[in-house]
Amino acid sequence: MSIKENLIVIKKTFSNTECLLVAVSKTKPIEDLKEAYDAGVRDFGENKVQELTDKYPQMPEDTRWHMIGHLQRNKVKYIAPFVHLIHGVDSFKLLKEINKQAKKAERTIDCLIQIHIAKEESKFGFDEKELDEMLSSEEINTLQNIKVIGLMGMATFTEKEEIIRNEFKGLKSLFDKLNTNKLPANFDLKEISMGMSGDYLIAQEEGSTMVRIGSAIFGGRS
Ligand SMILES: *Cc1c(COP(=O)(O)O)cnc(C)c1O
């Protein structure tokens, strides 16, 4: 099936039509992104800064670029002028660097805080203690060039649906809990980025507002 056909099939399965589809185009050639663009996609996700900065000038201006992977602090400056949303903010230090580079670029950058929801050691993200520490710090209130608009999480890589579902449930309940508290002025939690090709339907059932789908649209990556 073509990219366009894949997109139609995927959209049909959405239980929440309001949920944003971020087309994860990492490793894929620009022709594939253009095909998705022509089929109506405006939101593209990349996980490498180099690839993102290479592709950015080759796509129409109204393309929205999502940085979805682990972001190194020393590379924030390359994407700060144009990135639409940074999904994987996994440390306070990184958030501060994003604020610094956003200020230099004279803009505000929207961010999602990545929460460590998976069993695996290898997945990045805050645990609840680290999140509490950041939220109760004085310094968080001084970051005027970032806006934290939600949370992001990646489930354990497993066939066991119950494990995945419980991890997504955990992220949603953390989101709800945070929203009952008084948060810093630069927080406005509306989005939950969870769900990929293999688990986006479960994620939508558990309250996802953004799914990051790659291989189901563009085919497998080598
Ligand atoms: C690659 C990637 C995805 C998309 O994965 P698929 O299984 O191809 O849909 C989603 N989120 C992140 C953070 C990724 O790195």
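As recorded in an unreviewed UniProt entry, the protein goes by the name Pyridoxal phosphate homeostasis protein, listed as coming from Belliella calami. Under the Function (unreviewed entry) heading, UniProt states for the protein: "Pyridoxal 5'-phosphate (PLP)-binding protein, which is involved in PLP homeostasis." What UniProt records for the protein under Sequence similarities (unreviewed entry) is the sentence "Belongs to the pyridoxal phosphate-binding protein YggS/PROSC family."

Colleague: I'm lost on the pattern of salt bridges in this one. Help?
Modeller: When the charged atoms of two side chains with opposite charge come close together, those side chains can pair. One pass over the full model with this rule turns up 13 salt bridges. In the salt-bridge network here, residues are joined through shared partners; they are Glu161, Arg165, Lys169, Glu205 and Glu206.

Colleague: Which parts of the structure should I look at to understand the environment of arginine 73?
Modeller: Note that arginine 73 resides in the loop between β3 (64-67) and α4 (76-79). Residue class for arginine 73 comes out partly exposed when judged on its relative accessible area of 42%. With sequence-adjacent residues up to four places away left out, arginine 73 is seen in contact with Lys93, Leu94 and Glu97.

Colleague: Mind showing me how you'd approach the UniProt feature "modified residue: N6-(pyridoxal phosphate)lysine" (unreviewed entry) in the protein here?
Modeller: Mapped onto this numbering, the UniProt entry gives "modified residue: N6-(pyridoxal phosphate)lysine" (unreviewed entry) at Lys26. With respect to the secondary-structure elements, lysine 26 resides in the loop between β1 (20-24) and α2 (30-38).

Colleague: What's the story with the site of the ligand in this structure? I'm lost.
Modeller: Contacts to the ligand come from Val24, Lys26, Ile68, Met154, Met196, Ser197, Arg212, Ile213, Gly214, Ser215 and Arg221. Between an oxygen atom of the ligand and a main-chain N or O atom of serine 215, the distance comes to 2.8 Å. Take arginine 221: an N or O atom from its side chain is 2.8 Å from an oxygen atom of the ligand. Per-class residue counts for the shell around the ligand are 5 nonpolar, 3 polar and 3 charged.

Colleague: What is the right way to look at the pairing of strand β5 (residues 109-115) in this model?
Modeller: With 6 of 7 residues buried, β5 lies mostly within the body of the structure. In this structure, strand β4 (residues 85-89) lies alongside β5, joined through 3 bridges in parallel fashion. Within β5, the position partnered with isoleucine 86 by the bridge is cysteine 111. Traced from β4 through helix α5 (residues 92-104) to β5, the parallel crossover comes out right-handed.

Colleague: Would you take a moment to explain the packing of helix α1 (residues 3-13) against α2 for this structure?
Modeller: Between two packed helices, the angle of one axis relative to the other and the distance separating the axes together describe the packing. Axis separation between α1 and α2 bottoms out at 9 Å; the angle between their running directions is 50 degrees. In this view, α1 runs oblique relative to α2, as classed from their interaxial angle. Taken as a pair, α1 and α2 cross one another with a handedness that is right-handed. Of α2, the residues touching α1 (which contributes Ile3, Lys4 and Leu7) are Asp32, Glu35 and Ala36. For the contact of α1 with α2, the per-class residue count stands at 3 nonpolar, no polar and 3 charged.

Colleague: Which parts of the structure should I look at to understand helix α6 (residues 128-135)?
Modeller: Burial in α6 covers these residues: Leu131, Met134 and Leu135. Along α6, the residues classed as buried sweep out an arc of 95 degrees about the axis, all on the same side. Residues of α6 that are buried in the fold lie against α5, β5, α7 (161-180) and β7 (187-193). You can read the cap of α6 off the contacts: a side-chain oxygen lies 3.2 Å from the backbone nitrogen of lysine 129, and it is on aspartate 127.

Colleague: Explain the packing of aromatic side chains to me, please; I cannot follow it from the model alone.
Modeller: Two descriptors summarise a pair of aromatic rings, namely the distance from one centre to the other and the angle between the planes of the rings. This structure, assessed with the given rule, holds 3 aromatic pairs. Aromatic pair tyrosine 56 and phenylalanine 82: ring centres 3.8 Å apart, planes at 10 degrees, arrangement stacked. Taken as a pair, tyrosine 56 in the loop between α3 (49-55) and β3 and phenylalanine 82 in the loop between α4 and β4 lie far apart in primary sequence, 26 residues in all. Phenylalanine 82 gets classed as buried once you look at its relative accessible area, which sits at 14%. In this structure, arginine 42 is placed above the aromatic ring of tyrosine 37, and the distance from its NZ or CZ to the ring centre is 3.5 Å.

Cut-offs and rules
- Residues numbered from 1 in each chain as written.
- Predicted model: local features only at pLDDT ≥ 70, side-chain atom pairs only at ≥ 80, totals over all residues.
- Heavy atoms only, no water.
- UniProt positions renumbered as here; feature names shortened; annotations may be inferred.
- Salt bridge = Lys/Arg side-chain N within 4 Å of Asp/Glu carboxyl O.
- Helix = DSSP H or I, 4+ residues; strand = E, 2+ residues; numbered from the N terminus.
- Buried < 20%, exposed > 50% of the residue type's maximum accessible area, 1.4 Å probe, protein only.
- Contact = heavy atoms within 4.5 Å.
- Near = heavy atom within 4 Å.
- Polar contact = N/O pair within 3.5 Å; in protein donor to acceptor, adjacent residues only side chain to side chain.
- Nonpolar A, V, L, I, M, F, W, Y, C, P; charged D, E, K, R; others polar.
- Pairing = 2+ DSSP bridges.
- Right-handed = clockwise from strand over helix to strand, strands pointing away.
- Axes fitted to C-alpha atoms, helices over the stretch in contact; angles between N-to-C directions.
- Parallel < 35°, antiparallel > 145°, perpendicular 65-115°, else oblique.
- Left-handed = near helix turned anticlockwise from the far one by under 90°.
- Arc of directions from axis to C-beta.
- Phe/Tyr/Trp six-rings, centres within 6.5 Å; stacked < 30°, edge-to-face > 60°.
- Lys NZ or Arg CZ within 6 Å of the ring centre and 35° of its normal.

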